[in-house]
Amino acid sequence: ALTGVPPKGPSSEEVEAGEDWREEIAENFEERLQLKREVLDLDSRMSVCEKEMKKLKLGGHGGLRARGVSDVSEWGAESDAGVSAFSPGDSEEILEKERKLQREVKSLESRKTEAEGRLAKNVEEGKRLQAELPERVENADMRSFLL
């Protein structure tokens, strides 16, 4: 039954609470996007390092296969002709490049794991904020507007 009284709109406190909630949600979402970009960037950098390691092993630009070595354990070994496939200085240079790339990959993996942990916390925080909306903003129309 219509009483002729217009429906009560949200109070100024509810409007402010809604604006605060919306700001927190926006910050949460922005942080989530940054974390996802960080994870993707770390993945990309790890991929580049892994490709460089393969290039070293498979013979790209004077890598091991190009020098007759198929396995790191064969570095410095003699070829079938009985002659060293490459000089000891070359093998040390390649070995050092690979070690450097392995250290870089480990560092990137650690940073990625840390970023993924922060991302998981961010997602949980977003869920918590969603669940809090009915408590923070009682007016159903205002909640509908915010979602």
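As shown above, the structure is provided for reference.
Note that this is a predicted model, so its numbers are computed, not measured.

Criteria and thresholds
- Residues numbered from 1 in each chain as written.
- Predicted model: local features only at pLDDT ≥ 70, side-chain atom pairs only at ≥ 80, totals over all residues.
- Heavy atoms only, no water.
- Helix = DSSP H or I, 4+ residues; strand = E, 2+ residues; numbered from the N terminus.
- Buried < 20%, exposed > 50% of the residue type's maximum accessible area, 1.4 Å probe, protein only.
- Contact = heavy atoms within 4.5 Å.
- Areas by Shrake-Rupley, 256 points an atom, 1.4 Å probe, with all protein chains shown as cover.
- Patch = residues over 30% accessible without salt bridge, like charges linked within 9 Å, V, L, I, M, F, W, Y side chains within 5 Å.
- Salt bridge = Lys/Arg side-chain N within 4 Å of Asp/Glu carboxyl O.
- Lys, Arg positive; Asp, Glu negative; His and termini not counted.
- Charge placed at Lys NZ, Arg CZ, Asp CG, Glu CD.
- Core = buried A, V, L, I, M, F, W, Y, C linked by side-chain atoms within 4.5 Å.

**Details of the overall build of the protein chain**
No. 1: Within the protein chain, the secondary structure is distributed over three helices and zero strands.
No. 2: A buried classification covers 26% of the 147 residues belonging to the protein chain.
No. 3: Counted over contacts in the protein chain with a minimum sequence separation of 6, partners at least 24 positions apart contribute 66%.
No. 4: Surface summary for the protein chain: the accessible area is close to 10200 Å², and the carbon and sulfur share equals 52%.

**Description of a negative patch on the surface**
No. 1: Taken together, Glu 13, Glu 16, Glu 19, Asp 20, Glu 23, Glu 27 and Glu 30 make up a surface patch of like negative charges.
No. 2: Mapped onto the fold, Glu 13 is located in helix H1 (residues 12-58).

**Describing the environment of Leu 42**
No. 1: Looking at where Leu 42 falls in the secondary structure, it is placed in helix H1.
No. 2: It is 9.3 Å that separates the C-alpha atoms of Leu 42 and Ala 115, two residues lying 73 residues apart in sequence.
No. 3: Aside from chain neighbours lying at most four places away, what touches Leu 42 is Leu 108, Arg 111 and Lys 112.

**Some points on the nonpolar core**
No. 1: One finds Leu 42, Met 46, Cys 49, Met 53, Leu 56, Ile 94, Leu 101, Val 105 and Leu 108 forming the largest nonpolar core, which totals nine residues.
No. 2: Elements with a contribution of two residues or more to this core: H1 and helix H2 (88-136).
No. 3: Tallying contributions element by element places H1 first for this core, with five residues.
No. 4: If you look at the next biggest cluster of nonpolar residues, it comprises seven residues, including Leu 129, Val 137, Met 142 and Leu 146.

**Quick notes on the pattern of salt bridges**
No. 1: In total, this model carries 14 salt bridges according to the counting rule given.
No. 2: Measuring nitrogen to oxygen at the nearest pair gives 2.7 Å for the salt bridge that ties Asp 43 to Lys 112. Of this pair, Asp 43 sits in helix H1 while Lys 112 sits in helix H2, placing them 69 residues apart in sequence.
No. 3: We classify Asp 43 as partly exposed; its relative accessible area is 28%.
No. 4: Here Lys 112 falls in the buried class, since its relative accessible area comes to 18%.
No. 5: Where Glu 132 meets Arg 128, a salt bridge forms, and the shortest distance between an N and an O atom there is 2.1 Å.

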